[in-house]
There are 4 protein chains.
Amino acid sequence: MKLKLGMIGGGQGAFIGAVHRIASRIDDEYELVCGAFSSNAERSKASGAALGISDERVYGTYQELIEKEQQLPEDIRVQVISIVTPNHVHFEPAKLALQSGFHVVLDKPMTLTLQQAKELRDVAKSSGKLLCLTHTYTGYPMVKQARELVAAGHIGQVRKVYAQYPQGWLSTFAEGDDNKQASWRTDPSQSGIAGAMGDIGTHAFNLTEYVSGLQVSHLCADINTVVPGRKLDDDGAVLLRFDSGASGVITATQIAAGAENNVKISVYGDKGGLEWQQDDANSLIVRYLDKPAEIWRTGGGYTSATAQFNTRTPSGHPEGYLEAFANLYRNFALTVKAKEQKEEPTAAMLDFPGVEEGVRGMAFIENVIASGRSEQKWTPFTI
Amino acid sequence: MKLKLGMIGGGQGAFIGAVHRIASRIDDEYELVCGAFSSNAERSKASGAALGISDERVYGTYQELIEKEQQLPEDIRVQVISIVTPNHVHFEPAKLALQSGFHVVLDKPMTLTLQQAKELRDVAKSSGKLLCLTHTYTGYPMVKQARELVAAGHIGQVRKVYAQYPQGWLSTFAEGDDNKQASWRTDPSQSGIAGAMGDIGTHAFNLTEYVSGLQVSHLCADINTVVPGRKLDDDGAVLLRFDSGASGVITATQIAAGAENNVKISVYGDKGGLEWQQDDANSLIVRYLDKPAEIWRTGGGYTSATAQFNTRTPSGHPEGYLEAFANLYRNFALTVKAKEQKEEPTAAMLDFPGVEEGVRGMAFIENVIASGRSEQKWTPFTI
Amino acid sequence: MKLKLGMIGGGQGAFIGAVHRIASRIDDEYELVCGAFSSNAERSKASGAALGISDERVYGTYQELIEKEQQLPEDIRVQVISIVTPNHVHFEPAKLALQSGFHVVLDKPMTLTLQQAKELRDVAKSSGKLLCLTHTYTGYPMVKQARELVAAGHIGQVRKVYAQYPQGWLSTFAEGDDNKQASWRTDPSQSGIAGAMGDIGTHAFNLTEYVSGLQVSHLCADINTVVPGRKLDDDGAVLLRFDSGASGVITATQIAAGAENNVKISVYGDKGGLEWQQDDANSLIVRYLDKPAEIWRTGGGYTSATAQFNTRTPSGHPEGYLEAFANLYRNFALTVKAKEQKEEPTAAMLDFPGVEEGVRGMAFIENVIASGRSEQKWTPFTI
Amino acid sequence: MKLKLGMIGGGQGAFIGAVHRIASRIDDEYELVCGAFSSNAERSKASGAALGISDERVYGTYQELIEKEQQLPEDIRVQVISIVTPNHVHFEPAKLALQSGFHVVLDKPMTLTLQQAKELRDVAKSSGKLLCLTHTYTGYPMVKQARELVAAGHIGQVRKVYAQYPQGWLSTFAEGDDNKQASWRTDPSQSGIAGAMGDIGTHAFNLTEYVSGLQVSHLCADINTVVPGRKLDDDGAVLLRFDSGASGVITATQIAAGAENNVKISVYGDKGGLEWQQDDANSLIVRYLDKPAEIWRTGGGYTSATAQFNTRTPSGHPEGYLEAFANLYRNFALTVKAKEQKEEPTAAMLDFPGVEEGVRGMAFIENVIASGRSEQKWTPFTI
């Protein structure tokens, strides 16, 4: 039985809305039944029509969507609402949706401020409803394999974690042109206090904690606005200290001219190391002190049950970004269904980012921007 | 408006059926409404139920599916039938479907024999209905880019074409175990006269003609059955002569132990060369006589309109096998819709393999197996 | 004690002469003491002077070199003569040198004809002197590692061997310009009956036999002259049958526009496979049926004693073409010294190509060109 | 005419001494004539004998070498002295050699302290003799190409510089075993105040300045000693600010278990970017805002005159670490010879690291260690 899905944002021309919809369809766990695709009612209607949604379930605002859907019979009513708007329209709709009895899929970063994030976490907990935060890169099977190898002690005790996220698409003052993506992501009123750090730095941060199983305790950041006229950071590097004493480095930039989106994570322990990068997403390089490095591959018969659970095809049939995204949607759906059937979701089902990751991500943004402005070297990672 | 899709074959446990369904969903152009998922009626019912298909539209045989669906009102009736059965159940259902007024998506190779393929081509033409043959690899945007660069003379006149398709999954006598994929693919009664040559050799052959824009005119094949006890070829190499005088080589094997599915195509002209491989599916290497090689990337702003038409995300967000497959389904859907609306499909819509490629593929199988058995060196490619 | 080295050919402007000299110096086993660097006496003198050779030991012809050096006292006299001339000046000087009591390093292919090769083999044997044939690629440590893994049964019984040698530098009619390399290599009177097949096909052939430990027994060749006006083949593909029953494919071309020199060898057995390519010369990919592929690396502590014997630096310090070449020179020197000291050279010392490989290489040329002209499919590999 | 070379250090069992000797031989510009290979006179003698040096020119101490060689006739006397000892034996012998009229090749880092470095710079200048500091990685042709592309404005104004130097060989307490390399490099009395930062951090630092053409003005460092019991840092990350306002990040570690020696440098400007790594040393990736990335290759006809000047073979014949090292030796020799012949060395000849780079390298060490210990965030790079 498919979950009935609604969408807030993601109207015609939006990038991430289309990605969410594809991700929701890949494993056939959702049916898109309603939406408030744009704050412009006419545009929302047009988007809904293009998506084949019946006109009466295309709404002009998220409030209307939630209110009207609540009044529908349970077997028709939306169950999961995906919120794919710019950051400043995350908190209120997510809060209202949860409080109104709907599960939520929310694009990252979770909110506009850490304060909102903490409140949303509390709302989620008290509502009994579930929230999935789309940190896509944790959806890749080889990222999950990496996490499991670390957790199992395969590389020994973690000593060093590197995450690099190089992009180049904001190398010019793109927000001066008619570039919708650039405009809102560099506008503090829509994006929050961070640009690159919020947009991609949070992904890198999330990867370091997800794969290493550690938590950042202190950081020291160099945050830059490189392109003249830009209002938010477009480049940064962050020294990290983890709770275990391990150290790390995050670099995230949107002005590495010509770079696409090749996010990388490397983790080294006292027995070996792991290296993964999105440009070769179906390979995980595993290194050892005294034997040849190995190439673990998506779909390999030797990969973990969790990795295989998040893979659709045999090894050698590359799965990419949309499949990683779909894994989040799929796992969330299985968890929602299990919960609604009063069953206990398995660990594999529960393997999607949620409110805790969202709070930590917002804390990363606030801590990293504060550190960037600070004369002090190491600052504690506070929440 | 989604096309109503039915499926023949692809019940629980089948690999390619699930792939077809995902591919059909990614771009939301289809709705699966009926199926005859297994020749075992009970298993068909169970598969249909698991897929959320209403019980009365899950059929026990393809004949029943076609007959019953024809009797349904037009707005409910299936429009496109995907046939994802082993090769010996391609021809009859495809023929019947076309003759009964349905469009067909058919897995490759098109039929069990060349004779069937030619008949099916004629049936398709006279039926006025459309057929899409799922040669997946031509769905990749960078393969399309390669084809266009060749056609535009970017690398000059084509001189040499290499296609390599190394797999290792049939290195052991897997058909002796309970391996469903291995069993039918190595069984002449289900697979036809070719094993590896039919299963993957046809893909390699199709790639050479698709990218080069040339047609094979003569060939000389070394066809082997390496694993003891196997009934069909599991390895082969083919020297090619194209109609233009260019030459080529296809190697395709299923006994390259440890190899996954890294199909490669390289084309060299008198001004440059192109190299693509599935393990790095989002890159196309373009070489020149006297300047640095270039890396063309899926989603790059400099890629062709057709390549971009077959891409969903910005560069650096890897799209893989399922997206390539989805491009076939999507383009076919757009063509079907255009035709049904009496509009002329664009060249981009029409960019999917069909009956002509199917006939050439079956001719490849028959010619290559005959050549393998022949003492004669070069034999003409006859249809 | 360094071996005293003389050189025939390799005057100013020659490519391979300089390579031989660097290779001879890297491990300090040789001292260049004399030469006949050019058939033009003046040019020979100038080359000798530039190389710091005393004028009286720079000769105008190879005959003069051999005759005069024989008359020098033993502690001054040349011991090893490197012959780095075009193919048509291989046989006579090598024969004369061996018969006159000198060891010989000879560039490949060994001679102009198979008949000469067999005669030279006999001369070498009866002379008691040694001959090293510079099939460079067998000098790479990871190629040696591959050979040893095959010999040790690491990948099981060999089933399939692929060698690919793509070059593009003869894509144009370079011999029409003032391109010395192109001119002699495409001239039958200097190069022999083969162009690409002799120049690089023999390397590919040698690699297949060296790594697999097998010998070719039958072949079927497609040999082409692609560039208009060219007198010899510039492209070819060869189907192989080995004595063990294994099969293989060699492709070698000099018209793959934009390709550099990325020779590759892959060998698959019933338990695993090996893949090596010169563009990543310090890595050997080892594949298995049921576990992750491994990356064996030059200098790795886990590599074989022979691989390490042919490596100068720790892993991660790339060694390249010149070091591979130097390994041939070094191993040859150690063998010569051992022999001269009446000691038994070790297997590692003896690991360089010699007259047997030379005869097989010339047989390859004659067989492959004959097959290319033949209507018959499989022809026996005759010597 | 070869330069007469002497060596201090580099006796049997030493790693870098052998590398220096190979590097000095590759281009035949040097002849090793004398040495003080070990502070142990007997071991020095044995090493000299193994190297074929006449016994009377094998010395027990560097003082003896310099004193005795000064007394030899000019046509016999050593001209260039290579100092390949641990860091604490750099300053005095280099100073004495320069003051005694000899040119010096010196391994990095230049001295034990910045103070020594500055003094040595002054000595070198007043002596009129030349000093080459072996920052090997600047010897690679594609690193030189990168520097030139930046200097020519090919990627626009530099904004971001990343250098990464991951090694894993000190992941264990190797200095507790009988590991000579580990022992001195982790011993403050021999290595100075820095471990990893001196050993490899200086290479990374040198690369950032060499390729970008900028100078570091401020830094902020996280310096760690990860392996218990170790006396010096084995890991670090450094935030950089350049004089132009560009920023950068250096990471250098010797505890990335399984990592070999894959130093990487990336530079991004406002028009494009450059990426080079030693594991693919013959490729330089050049990225652009709006066209395909390019792969510039060692030996390519399109590479710069300087790159080609530092290349021995055609593209596709990989040159590696030893050839990069040899480029330093060769360029230094050409400069020495030009100077001695009162000619002006060309810019290409002068392209080797010297005392200025040495002073900056020692300043890096002192500044980075001080920053690591500091609570202050950004500290000026002082000399």
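Because the structure is a prediction, the values reported are computed rather than measured. (Residues numbered from 1 in each chain as written. Chains lettered and ligands numbered in written order. Predicted model: local features only at pLDDT ≥ 70, side-chain atom pairs only at ≥ 80, totals over all residues. Heavy atoms only, no water.)

Caption draft 1: Geometry of the side chain of D:S266. Examined against the element boundaries, D:S266 turns out to sit in strand β10 (residues 264–269). Note on D:S266: relative accessible area 11%, which makes it buried. (Helix = DSSP H or I, 4+ residues; strand = E, 2+ residues; numbered from the N terminus. Buried < 20%, exposed > 50% of the residue type's maximum accessible area, 1.4 Å probe, protein only.)

Caption draft 2: Examining the interface of chain C and chain D more closely. Facing the 27 residues of chain C at the interface are 27 residues of chain D. When the two sides are added together, the surface that chain C and chain D hide from each other amounts to roughly 2,300 Å², 55% of it contributed by carbon and sulfur. When the area that chain C buries against chain D is broken down by residue, the three leading residues are C:R25, C:E260 and C:P318, summing to 24%. Linking chain C to chain D there are 6 salt bridges. Salt-bridge contacts for C:D279 lead to D:R297; the nearest nitrogen and oxygen are separated by 3.2 Å. Here chain C and chain D share 16 residue pairs in polar contact (both at pLDDT 80 or more) between them. When residues of the side of chain C that touches chain D are traced back to their parent elements, those giving at least two are α1 (15–26) and α11 (321–340) of chain C. Broken down by element, the residue count for the side of chain C that touches chain D peaks at 5 residues, all from α1(C). Partitioned by chemical class, the residues of the side of chain C that touches chain D number 11 nonpolar, 7 polar and 9 charged. (Contact = heavy atoms within 4.5 Å. Buried area = accessible area lost by both parts, 1.4 Å probe. Salt bridge = Lys/Arg side-chain N within 4 Å of Asp/Glu carboxyl O. Polar contact = N/O pair within 3.5 Å; in protein donor to acceptor, adjacent residues only side chain to side chain. Nonpolar A, V, L, I, M, F, W, Y, C, P; charged D, E, K, R; others polar.)

Caption draft 3: Geometry of the relation of the copies chain C and chain D. Mapping chain C onto chain D calls for a rotation angle of 180° and an axial translation of 0.0 Å; the resulting RMSD is 0.0 Å. Viewed as a symmetry operation, the transformation between the two copies matches a two-fold axis. Taken as a fraction of all interface residues of chain C, those also at the interface in chain D reach 100%, which identifies the copy contact as same-surface. (Least-squares fit on C-alpha atoms with pLDDT ≥ 70 in both.)

Caption draft 4: Summary view of the confidence of the model for chain A. The pLDDT averaged across chain A works out to 97; a share of 100% of its residues lies at or above 70. Across the interfaces of the predicted complex, the ipTM metric reaches 0.97, alongside a pTM of 0.98. (pLDDT = per-residue confidence, 0-100.)

Caption draft 5: Spatial organisation of the side chain of C:N261. Mapped onto the secondary structure, C:N261 falls in the loop between β9 (247–253) and β10 (264–269). Here the side chain of C:N261 touches C:Y165 through a polar contact of 2.6 Å, side chain to side chain. In this structure, C:N261 is in contact with C:Y137, C:Y165, C:P166, C:Q167, C:Q278, D:S315, D:G316 and D:H317, ignoring residues within four places of it in sequence.

Caption draft 6: Representation of the packing of aromatic side chains. One pass over the full model with this rule turns up 48 aromatic pairs over all chains. Geometrically, the ring pair formed by A:Y30 and A:Y329 is edge-to-face, given 5.2 Å between the ring centres and 85° between the ring planes. Placement of the pair is A:Y30 in strand β2 (residues 30–36) and A:Y329 in helix α11 (residues 321–340), with a sequence separation of 299 residues. Judged by centre distance (5.5 Å) and plane angle (15°), the rings of D:F205 and D:F381 are stacked. With D:F205 in helix α9 (residues 196–212) and D:F381 in the segment after β14 (379–380), this residue pair connects regions lying 176 residues apart in the sequence. You'll find D:F205 and D:F381 in the same group, each marked buried. In this structure an aromatic cluster arises from ring pairing among A:Y30, A:Y137, A:Y140, A:Y165, A:W276, A:Y321, A:F325 and A:Y329. (Phe/Tyr/Trp six-rings, centres within 6.5 Å; stacked < 30°, edge-to-face > 60°.)

Caption draft 7: Region of the structure containing the sheet that holds strand β2 (residues 30–36) of chain B. Residue and element names in this part refer to chain B. Across the sheet, which stays open at both edges, the 5 strands sit in the order β2-β1-β3-β4-β5 with parallel pairing between neighbours. The sheet is open, and its two borders are formed by β2 and β5 (131–133), each paired with just one other strand. Along the sheet, successive strands turn relative to each other by an average axial angle of 20°, direction set aside. Note: strand β1 (residues 3–8) against β2, 6 bridges, orientation parallel. Bridged to L5 within β2 is L32. Contacting β1, β2, β3 (80–83), β4 (103–106) and β5, helix α11 (residues 321–340) runs over the sheet at an angle of about 170° to β4. (Pairing = 2+ DSSP bridges. Axes fitted to C-alpha atoms, helices over the stretch in contact; angles between N-to-C directions.)

Caption draft 8: Fine view of the sheet that holds strand β5 (residues 131–133) of chain C. Residues and elements named next belong to chain C. A sheet is described by the order of its strands in space; here 5 strands give the open sequence β2-β1-β3-β4-β5, paired in parallel fashion. Among the strands making up the open sheet, the edge pair consists of β2 (30–36) and β5. Averaged over all pairs of adjacent strands, the angle between strand axes in this sheet comes to 20°, irrespective of strand direction. Contacts from α1 reach β1 (3–8), β2, β3 (80–83) and β4 (103–106) within the one sheet, and its direction differs from that of β1 by about 175°.

Caption draft 9: Focus on the relation of the copies chain D and chain A. Superposing chain D onto chain A takes a rotation of 180° combined with a translation of 0.0 Å along the rotation axis, leaving an RMSD of 0.0 Å. Comparing interface residues between copies, 100% of those in chain D also lie at the interface in chain A; the contact surface is shared.

Caption draft 10: Seen up close, the interface of chain D and chain A. Each partner contributes residues to the interface: chain D has 42 residues there, and chain A has 42 residues. Of the roughly 3,000 Å² buried between chain D and chain A on both sides combined, carbon and sulfur atoms contribute 56%. The three residues of chain D that bury the most area against chain A are D:R159, D:A257 and D:K377, which together make up 21% of that side's buried surface. One salt bridge in this structure joins A:D235 and D:K160, with 2.6 Å as the shortest N-O distance. Where chain D meets chain A, there are 19 residue pairs in polar contact (both at pLDDT 80 or more). For the side of chain D that touches chain A, the secondary-structure elements that each account for two or more residues are β6 (158–166), β7 (216–224), β8 (235–242), β9 (247–253), β10, β11 (272–277), β12 (283–288) and α12 (355–373) of chain D. With 5 residues, β8(D) is the single largest residue contributor to the side of chain D that touches chain A. Here the residues of the side of chain D that touches chain A are counted per class, giving 17 nonpolar, 16 polar and 9 charged.

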